[in-house]
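# Structural description and commentary
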Amino acid sequence: MISPNITVTLEVNGEKSDVSAMADTPLLLVLRNDLALNGPKYGCGLGECGACTVIIDGMAARSCVFPLSGAVGREIVTLEGLGTRQAPHPVQQAFIDEQAAQCGYCLNGMIMTTKALLDRNPDPSEAEIRNELSGNLCRCGTHIEILRAVLRAARLMTVDRRP
Ligand code: FES
Ligand code: FES
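Calculation criteria
- Residues numbered from 1 in each chain as written.
- Chains lettered and ligands numbered in written order.
- Predicted model: local features only at pLDDT ≥ 70, side-chain atom pairs only at ≥ 80, totals over all residues.
- Heavy atoms only, no water.
- Helix = DSSP H or I, 4+ residues; strand = E, 2+ residues; numbered from the N terminus.
- Buried < 20%, exposed > 50% of the residue type's maximum accessible area, 1.4 Å probe, protein only.
- Contact = heavy atoms within 4.5 Å.
- Core = buried A, V, L, I, M, F, W, Y, C linked by side-chain atoms within 4.5 Å.
- Pairing = 2+ DSSP bridges.
- Axes fitted to C-alpha atoms, helices over the stretch in contact; angles between N-to-C directions.
- Salt bridge = Lys/Arg side-chain N within 4 Å of Asp/Glu carboxyl O.

### Notes on the environment of Gly-47
In this structure, Gly-47 sits in the loop between helix H1 (27-34) and strand E3 (53-56). We classify Gly-47 as partly exposed; its relative accessible area is 24%. Distance in space between the C-alpha atoms of Gly-47 and Asp-34 is 21 Å, their sequence separation being 13 residues. Non-local contacts of Gly-47, meaning those with residues more than four positions away in its chain, are made with Arg-62, Cys-64 and Val-65.

Written out as structure tokens, the structure reads:
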């Protein structure tokens, strides 16, 4: 059955926008196609790789399998809501400092998942970090650098408690 078209107001990165789409449209498509927020990436489209991760009400969520209708009234944060090129968020700065990327395609998911983790647990153990990121795939194999980046981000965020 085709789901109905709905017009809703989304709150993304602190800004409200009206969008119209079918109720079960993946949030990822709305973010990228309607709101021009291209931080979240399309990887598997099945909720299995983490490339599309955004933060919804403080929790990391896979936007490729999150329906538009479920996003109404929630606080959504995308990569664009973290820092800027001139003033990166500490998590972004840590990934830069540790050169934790090759192709970079997984980085949105790695960074957003890390942000959500450190917001609720500012001092995670290595095992907790590995567990948290275990569902985020990196085909380039930069896992060691990513782990170092998360540990560095935790240190940076104890200094900079930016929301
Ligand atoms: S694109 Fe969403 S989990 Fe892979
Ligand atoms: S850096 Fe290429 S997929 Fe992770």
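Moving on from the coordinates now.
### Re the nonpolar core
Core analysis: the biggest nonpolar cluster contains 25 residues, and Val-91, Phe-95, Met-110, Ile-111 and Ile-146 have the highest contact counts within it. Residue assignment for this core shows that the elements contributing at least two residues are helix H2 (90-97), helix H3 (107-120) and helix H5 (143-159). Setting aside anything within four residues of it in sequence, one finds Ile-146 in contact with Phe-95, Ala-100, Cys-106, Met-110, Leu-133 and Cys-138.

### A short note on the sheet that holds strand E5 (residues 75-77)
What the five strands build is an open sheet, ordered E2-E1-E5-E3-E4; its pairing is mixed. Among the strands making up the open sheet, the edge pair consists of strand E2 (15-22) and strand E4 (59-62). Between one strand and the next, the sheet's axes are offset by a mean angle of 45°, whatever the strand orientation. Of the pairings in the sheet, the one linking E3 to E5 comprises two bridges and is antiparallel in character. Bridging across to E5, Ile-55 finds its partner in Val-77. Packing of H3 onto the sheet brings it into contact with E3, E4 and E5, and relative to E3 it is tilted by some 25°.

### Structural notes on the pattern of salt bridges
Inspection of every chain in the model, using the stated rule, returns seven salt bridges. Arg-152 is the partner of Glu-98 in a salt bridge, and the nearest nitrogen-oxygen pair spans 2.9 Å. One end of the pair, Glu-98, is in the loop between H2 and H3; the other, Arg-152, is in helix H5, with 54 residues separating them in the sequence. Judged by relative accessible area, which is 14%, Glu-98 ranks as buried. Residue class for Arg-152 comes out partly exposed when judged on its relative accessible area of 27%. Each of Asp-97, Glu-98, Arg-148 and Arg-152 takes part in a single network of salt bridges with overlapping partners.

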